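A look at the structure
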Amino acid sequence: MNEKGKSIWGVISDILLIIIIIIAIIITVMTFTSKNSDMGIGNVLGYTPFAVQSDSMDSGEASGFGTGDLIISKEVKDPEALKIGDVITYTTVIEAEQPGKKIRGYNTHRIKDIEYAADGSVYAFITMGDAVGMEDTYTVLPDEVIAKQVNSGIDANGNKLTGMKIANFGSALSFLQSRTGFMICIIIPLALFFIWQIYKLISMFMTAKAESLDEESKKRVIEEYLAQQNQENSQNEEK
């Protein structure tokens, strides 16, 4: 491989390493923050990526998203600031694998309406999936709201805004967050990279040592040649 090829490969490997390290940092931070969160949801600087698990929001419009997509949401600290049209992720009751048993899970739908209490504060949110066409059975209480999809909402003309999302990347994130995915895509590549760096370091050391020996050999030959010349000159002068 010529020097240009080595240079290109070096740049590519450095870029891949940076990407792997960034992903590893994000997943690690999300893991630690989820353990400290009351709802078990991790975030990075207040932002949380959610892997979409259903097509209830896949209306066919640009503002929608479906199974396998990834949406970027921001933690909601003040539910009172939410508006009709915002896409929110909230805790809800879902059917468990065991028949007749229900557990707390998460859902992401759009706010269709807001119910207010007598004092003017938000009492509950009425939500609906864009692709469902009907309101959800249960209303969402303010303390059940986890996050709002970034840039979601409705503009002045009543059009749904396209929230921040990455198509088809939700499945990849779910895999990376699993032990198998983290091992295959993060741990093993990083281990191979560090082994490669150690190999290059040893190679550089061996090359430098060989070059040093070559220099010493050249110096010894020159010294022997000069000594021989001096000896011959001394003999000639004696004659």
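Residues numbered from 1 in each chain as written. Predicted model: local features only at pLDDT ≥ 70, side-chain atom pairs only at ≥ 80, totals over all residues. Heavy atoms only, no water.

**What about the nonpolar core?**
In this structure, Val-76, Leu-82, Ile-88, Tyr-90, Ile-111, Ile-114, Val-122, Phe-125, Val-140 and Val-145 together form the largest nonpolar core, which totals 10 residues. The set of elements that each furnish at least two residues to this core consists of β3 (87–95), β4 (102–116) and β5 (122–128). Once residues within four sequence positions are removed from consideration, Leu-82 is found in contact with Val-76, Ile-88, Ile-111, Ile-114, Phe-125, Val-145 and Lys-148. Of all hydrophobic cores here, the second largest spans 9 residues; its members include Phe-50, Phe-65, Ile-71 and Ile-146. (Core = buried A, V, L, I, M, F, W, Y, C linked by side-chain atoms within 4.5 Å. Buried < 20%, exposed > 50% of the residue type's maximum accessible area, 1.4 Å probe, protein only. Helix = DSSP H or I, 4+ residues; strand = E, 2+ residues; numbered from the N terminus. Contact = heavy atoms within 4.5 Å.)

**Considering the packing of aromatic side chains**
Inspection of the entire model under this criterion finds 1 aromatic pair. Each ring, one from Phe-193 and one from Phe-194, has its centre 5.7 Å from the other, and the planes form 70 degrees; the classification is edge-to-face. The ring of Tyr-47 has Lys-74 lying over it, and the distance from NZ or CZ to the ring centre is 4.3 Å. (Phe/Tyr/Trp six-rings, centres within 6.5 Å; stacked < 30°, edge-to-face > 60°. Lys NZ or Arg CZ within 6 Å of the ring centre and 35° of its normal.)

**Points about the pairing of strand β2 (residues 70–75)**
When strand β1 (residues 47–51) meets β2, the two strands line up antiparallel, connected through 5 bridges. Counted as the bridge partner of Pro-49 is Ile-72 from β2. Summarising the sheet, β2 and strand β9 (residues 165–166) pair through 2 bridges and their orientation is antiparallel. Within the sheet, the bridge partner assigned to Ile-71 lies in β9 and is Lys-165. Bridge count for β2 against strand β6 (residues 145–149) is 3 bridges, and the pairing is antiparallel. Note on β6: the bridge partner recorded for Ser-73 is Gln-149. (Pairing = 2+ DSSP bridges.)

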